[in-house]
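Remarks on the overall topology
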Amino acid sequence: MATSTPVRIPSKMKAWVYGQYGKPEDVLRLESEVDVPEVNDEQVLIKVAAASLNPVDIKIMAGLFKATDSPVPTVAGYDVAGVVVKVGSKVKEFNVGDEVYGDIHEHALNNPKGSGSLSEYAAVEEKVVALKPKNLSFAEAASLPLAVETAYGGLERAGFSAGQSILVLGGAGGVGSLVVQLAKHVFGASKVAATSSAGKLELLQVLGADLAIDYKKDKYEDMPKKFDVVYDTVGESGRGNKAVKEGGSVVTIVGGTPVVPPAFVFEVTSTGTVLNRLKPFIEEEKLKPVIDPKSPFPFSHTIEAFSHLQTGRATGKVVIYPI
Ligand code: NDP
């Protein structure tokens, strides 16, 4: 229960730190004498219970965004769930003892760091966190923020609305598994189609897909019936353009390769507002976390967890728990 009683906070903590760019297995180190971050007026200090991994962790660690990145050494990680142990003087919504979750970096690529989630404590802006839905464990909660805010934001930006059809490219991944559920159970899609390899087709249907397409066997762009919206999570927006109706939207979250209109790139901005908006759907279990079956990985096995994510074959989200 939330309380104003101060909690004893150590001065040093364990955290996964990288001091140079490279692959997680080469550059990421578990350090035990990292300073516990100070909170500024707008931040809360979270005692981290769980975190989840995202492909952006690997990309930013590889140095792909050096131009806009904040300096190393730094603590890795975006998604967090845990308990508030300290609040800044201007924090309004949270108290010590609150169970919260969020993507701690408002802008994923633009000077994102300060404090990462793969640590025992994280200092986080109030505006990017939300109270954890009571029906979620910490591990489940940590799986959601960056992926669900991306899924929801991309659907909104594409103008997706009730009664429309959608094709989700990569329906079994961290983001795609949430796009499928949101489209079907929150936005009220008339038809949801999604792609995956053969072993994950059943999962797509469980999540709400009316049509599960094996991308190794079927060419979705040749299907005669086109879609109002295509949501690309794998970098196939060119093929997506051929699967969309005239005047429809193709939203891709994968930059790096050329994106040709009507396809456009969506980049997530972290905000607790989306998490709050989705809370009723999470509590009604219309929107469920999808945790990769190899997860959760304990904190000390974070490198192994990154290796699994790097295969590009994870199902749903790779979670680190307990921390
Ligand atoms: P994941 O690592 O969770 O995606 C893995 C999944 O992708 C697997 O289940 C795999 O299924 C599936 N997959 C791989 N290739 C294909 C394919 N050709 N067709 C269909 N499915 C495929 O990644 P995320 O969902 O977390 O992220 C996806 C991408 O989006 C990443 O590049 C990430 O960096 C980016 N991203 C961008 C954001 C933004 O704001 N722009 C925010 C979040 C993510 P299978 O094993 O069946 O192939």
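Everything here concerns the structure above.
Model, not experiment: these values are computed from the prediction.

To continue, consider the overall build of the chain. Along the chain, the regular secondary structure elements total nine helices and 15 strands. A globule of 323 residues ought to have a C-alpha radius of gyration of about 20 Å, and the chain, at 19 Å, matches this closely. If you line up the chain on its principal axes, its C-alpha atoms span 65 × 40 × 30 Å. Counting the 323 residues in the chain, one finds 54% classified as buried. Computed over 34 positive and 38 negative side-chain charges, the separation of the two mean positions in the chain equals 4 Å.

If you walk through the whole model with that rule in mind, you get 11 salt bridges. Across the pair aspartate 35 and lysine 12 runs a salt bridge whose closest N-O atoms are separated by 2.4 Å. Taken together, the positions of aspartate 35 in strand E2 (residues 28–35) and lysine 12 in strand E1 (residues 12–18) put the pair 23 residues apart, joining distant regions of the chain. Since its relative accessible area comes to 36%, lysine 12 is described here as partly exposed. Residue arginine 239 pairs with glutamate 221 through a salt bridge whose shortest N-O separation is 2.8 Å. In this pair, arginine 239 sits in helix H7 (residues 237–243) while glutamate 221 sits in the loop between strand E11 (211–214) and strand E12 (227–232), placing the two residues 18 residues apart along the sequence.

Below, the discussion takes up the packing of helix H4 (residues 145–157) against helix H5 (residues 176–186). It is the contact of H4 with H5, at a shortest axis distance of 9 Å, that shows an interaxial angle of 50°. Comparing their axes, H5 and H4 come out oblique. Seen along the crossing, H4 lies across H5 with a hand that is right-handed. Along its contact with H4, which presents Ala147, Val148, Ala151, Tyr152 and Leu155, the element H5 presents Leu178, Val179, Leu182 and Ala183. By residue class, the composition of the contact of H4 with H5 is nine nonpolar, no polar and no charged.

Residue position: valine 84 is located in strand E5 (residues 79–87). Along the chain, valine 84 and lysine 47 lie 37 residues apart, while their C-alpha atoms are 6.2 Å from each other. The residues contacting valine 84, other than those within four sequence positions of it, are Val44, Leu45, Ile46, Asn95, Val96, Gly97, Asp98 and Val100.

Attention now goes to the nonpolar core. Counting 82 residues, the largest nonpolar core has Ile166, Leu182 and Ile320 as the members making the most contacts within it. Beyond its immediate chain neighbours, meaning those up to four positions away, isoleucine 320 contacts Ala49, Ala50, Ala51, Ser52, Leu53, Leu118, Phe297, Pro298, Phe299, Thr302 and Ala305.

Let us look at the sheet that holds E2. Within a sheet, each strand pairs with its neighbour through backbone hydrogen bonds, oriented either parallel or antiparallel. In space, the three strands of this open sheet follow the order E2-E1-E4, with antiparallel pairing throughout. The strands lining the two open edges of the sheet, one partner per strand, are E2 and strand E4 (74–75).

Rules and cut-offs
Residues numbered from 1 in each chain as written. Predicted model: local features only at pLDDT ≥ 70, side-chain atom pairs only at ≥ 80, totals over all residues. Heavy atoms only, no water. Helix = DSSP H or I, 4+ residues; strand = E, 2+ residues; numbered from the N terminus. Rg over C-alpha atoms; globule rule 2.2 N^0.38 Å. Buried < 20%, exposed > 50% of the residue type's maximum accessible area, 1.4 Å probe, protein only. Lys, Arg positive; Asp, Glu negative; His and termini not counted. Charge placed at Lys NZ, Arg CZ, Asp CG, Glu CD. Salt bridge = Lys/Arg side-chain N within 4 Å of Asp/Glu carboxyl O. Axes fitted to C-alpha atoms, helices over the stretch in contact; angles between N-to-C directions. Parallel < 35°, antiparallel > 145°, perpendicular 65-115°, else oblique. Left-handed = near helix turned anticlockwise from the far one by under 90°. Contact = heavy atoms within 4.5 Å. Nonpolar A, V, L, I, M, F, W, Y, C, P; charged D, E, K, R; others polar. Core = buried A, V, L, I, M, F, W, Y, C linked by side-chain atoms within 4.5 Å. Pairing = 2+ DSSP bridges.

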